Protein chains: 2
Amino acid sequence: MTREKELAIGLDLGGTFLKYALGTKDGELIISRKTPSRAHESMEMIFKVILDSIQELIDEADKMDAKVIAIGLGSPGAINFETGKQVGTTPNLPKWVDADIRGQIEGRFNIPTWADNDANVMAFAEARQGAAKGAAYMIALTLGTGIGGGILLNNEIYRGYNYAGAEIGHMSVDLNGKPCPCNNVGCIERYASATGIVETYCELKSIPIDGINTEYIFARIKEGEKEALETLKITANYLGFALASLANVFNPKVIVIGGGVSDAGDELVDEVWKVLSKHALGPNLIGLKLKRAQLGNEAGMVGAMCLAAEMYEKQQKN
Amino acid sequence: MTREKELAIGLDLGGTFLKYALGTKDGELIISRKTPSRAHESMEMIFKVILDSIQELIDEADKMDAKVIAIGLGSPGAINFETGKQVGTTPNLPKWVDADIRGQIEGRFNIPTWADNDANVMAFAEARQGAAKGAAYMIALTLGTGIGGGILLNNEIYRGYNYAGAEIGHMSVDLNGKPCPCNNVGCIERYASATGIVETYCELKSIPIDGINTEYIFARIKEGEKEALETLKITANYLGFALASLANVFNPKVIVIGGGVSDAGDELVDEVWKVLSKHALGPNLIGLKLKRAQLGNEAGMVGAMCLAAEMYEKQQKN
């Protein structure tokens, strides 16, 4: 019995919410929802939330006389893409340890499932449906509380030798810079994450950081406040230097900047491009585009959905 | 008519010499020679040197009743690996412009030919027959007058969107550092190349750079001279910071350091490891090895030979 429509499910697990969606194999969302991930209770509880959410979407697919052919999930931390298991621990989900994501989901629903790092699937979403649509070589940075990185090379997500690659936030461009909790010094996460930007601004103003956030700083930038403009320059300088090195080493076609910080508007991207284009090698700048992410909060779901659907199609061919 | 032995040819084109060798498909050299590359005369003359050298080796293969099944050539500059043509110009071979390497060699000998960047084939040699033998994820740096970089990902040479990737020498780890002729600031080439090391040492000693080379400095290091030891520390610090960022982003299994500077001995590699292992992320250090290159001056020939033989075998399978 072949159903008419084949659909996929994409999930985006975070410390606060699980976002989950039903959509087409190209990543167009049909239904998208979110629910508390209950991440601080227990791993069993997180899995219950995930499995219940998938069941909801399968029921919705049934009503449309459609079949869910693949499930994708993006999770914080390192994920072994071959086994679908999380590797070790991750700071924002302390109970989420060695989680057997594929095993639990396939065990319940018998639908092929893939799991990957959340920054990887967000990059994949931008490459398939967002700002880098069609690019086979692209790098995506998500500037939030921290900095997440995802890299697409030769049209595939790059994960590294043991799934620990693409940690772009912990590139150092200043060996005399601020120490980072990761043990490195001068990491761009210390300057270009929301946390880093607030810290820079409050240092320049000599004020405590309590109550200051990036929205406040971006509002001051629009008003032309001196310290806010200086903060923008420092942020863009660190980020631009890191992107110049990434351009020299990866020679990508598109670099995408997303996350809450990128919502500031085009000023940041414009400033970053000035620094990047001044410092990268000539041949590596040919055709290179720096763009703001387009998919916002949906990127995780879209990317997980697209990735699972593509992996499913590949499997069908073999 | 099938001959008994199938052999390959590897060539390594430099500003001063062409090195050329006949060997097995695994990159074991049977005959290796070098001849002036006559790089400053004309592109026709360089091609004459290359084609005559290949003819010599084909004649040698004939004497062994062997057949040359593939030819590989490593060249400075960006090489379009798909077409086998050099892209634009390269500083050390000013007459070598848009050279149609595959076209000229296949046109004359009708033997399948591949051309690639010289640092790429050197990395490939270390991955197949040298310090990183068996590693599918590795990075190689060649510390000479400048710094060359080659990257192997998922067991294949990584070239980037338009063959301009792996420019590791022009990663910046110090946005307040020395300006580089490439337009960047704080590039590791300014500190960890032979040129950079000599400059650092002479600055510390307040002496002119004329007549000072890395051999001299390394001899002073062995004697325990203060400024020489300080030079080693500065060099290792810049290099170690860059390798920590590369480990965080690429998550490789092996990093190989080669070139004249690495001949200094294990002190440099040991110092670099201290910095690298202090600053890279924990998961990215699991299983990571930092090693000195093993193939020395033969790496270019070995790598070009292995690469051509592997590409030939792949072609045969399709």
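Cut-offs applied
- All residue numbers refer to position in the chain's written sequence, counted from 1.
- For this description, chains carry letters from A and ligands carry numbers from 1, given in the order in which they are written.
- In keeping with the predicted nature of the model, local features appear solely for residues at pLDDT of at least 70, side-chain atom pairs appear and are counted solely at 80 or more, and the whole-chain, interface and lining totals rest on all residues.
- Computation of side-chain values covers all heavy atoms of the structure but excludes hydrogens and water.
- Every helix listed is a DSSP run of H or I at least four residues long, and every strand listed is a run of E at least two residues long, numbered separately from the N terminus.
- A radius of gyration in this sense is built from C-alpha atoms; the matching globule rule multiplies 2.2 Å by the number of residues raised to 0.38.
- Buried, partly exposed and exposed residues are distinguished by accessible area as a fraction of the type maximum, computed with a 1.4 Å probe on protein chains only: under 20%, between the cut-offs, and over 50%, respectively.
- Whether two residues are in contact is decided by their heavy atoms: any pair within 4.5 Å suffices.
- For accessible areas, the Shrake-Rupley method is used with a probe of radius 1.4 Å. Any residue's cover is judged against the shown protein chains and nothing else.
- We define a salt bridge as a side-chain nitrogen of Lys or Arg found within 4 Å of a carboxyl oxygen belonging to Asp or Glu.
- Note on terminology: a nonpolar core comprises buried Ala, Val, Leu, Ile, Met, Phe, Trp, Tyr and Cys residues joined through side-chain atoms within 4.5 Å.
- We define a polar contact as two N or O atoms separated by no more than 3.5 Å, with the added condition that, inside protein, one atom must be a possible hydrogen donor and the other a possible acceptor, whereas residues neighbouring each other in sequence contribute only through side-chain atom pairs.

*Asks:* Is there a simple way to explain the overall build of chain A in this structure?
*Replies:* Each helix and strand in chain A was counted, giving 10 helices and 12 strands. In terms of overall size, chain A behaves like a compact globule, its C-alpha atoms giving a radius of gyration of 20 Å where 318 residues would be expected to give roughly 20 Å. If you line up chain A on its principal axes, its C-alpha atoms span 65 × 45 × 35 Å. Evaluated residue by residue, chain A yields a buried proportion of 57% over its 318 residues. Long-range contacts, defined here as pairs at least 24 residues apart, represent 63% of the contacts in chain A between residues at least 6 apart. With the model as given, the accessible surface of chain A reaches about 12900 Å², and the carbon-plus-sulfur share is 49%.

*Asks:* Looking at this model, I keep getting lost on the pattern of salt bridges. Mind explaining?
*Replies:* One side chain can pair with another of opposite charge once the charged atoms of both are near each other. Residues and elements named next belong to chain B. Under the definition given, this model contains 40 salt bridges over all chains. For K178, the salt bridge goes to E203, with nearest N and O atoms at 3.2 Å. Here E203 lies in helix 5 (residues 194-205) and K178 lies in the loop between strand 10 (156-157) and helix 4 (189-192), a separation of 25 residues in the sequence. Given the relative accessible area of 46%, E203 is considered partly exposed. The salt bridge partner of E267 is K222, with a shortest N-O separation of 3.6 Å.

*Asks:* Would you take a moment to explain the nonpolar core for this structure?
*Replies:* Soluble, globular proteins show a tendency: their nonpolar side chains are buried together. Of all hydrophobic cores here, the largest spans 104 residues; its most connected members are L141 and F250 of chain A together with L141 and F250 of chain B. When neighbours within four sequence positions are excluded, L141 of chain B is seen to be in contact with I147, G148, I168, I188, L239, L243, I255, V256, I257 and G258 of chain B.

*Asks:* Sorry if this is basic, but what is going on with the environment of S193 of chain A here?
*Replies:* All names here are of chain A. As for its position among the elements, S193 is in the loop between helix 4 (189-192) and helix 5 (194-205). For the pair formed by S193 and E82, sequence separation is 111 residues and the distance between their alpha carbons is 31 Å. Leaving out residues up to four positions away in the same chain, S193 has contacts with G144, T145, G146, I147, I188 and V261. Polar contacts involving the side chain of S193 include one to the main-chain carbonyl oxygen of E189, which spans 2.6 Å. At a separation of 3.0 Å, a polar atom in the side chain of S193 contacts the main-chain amide nitrogen of G196.

*Asks:* Looking at this model, I keep getting lost on the side chain of T142 of chain A. Mind explaining?
*Replies:* Residues and elements named next belong to chain A. Within the element layout of this structure, T142 appears in strand 8 (residues 138-143). A relative accessible area of 19% places T142 in the buried class. The contact partners of T142, leaving out residues within four places of it in the chain, are M122, I147, G148, G258 and G259.

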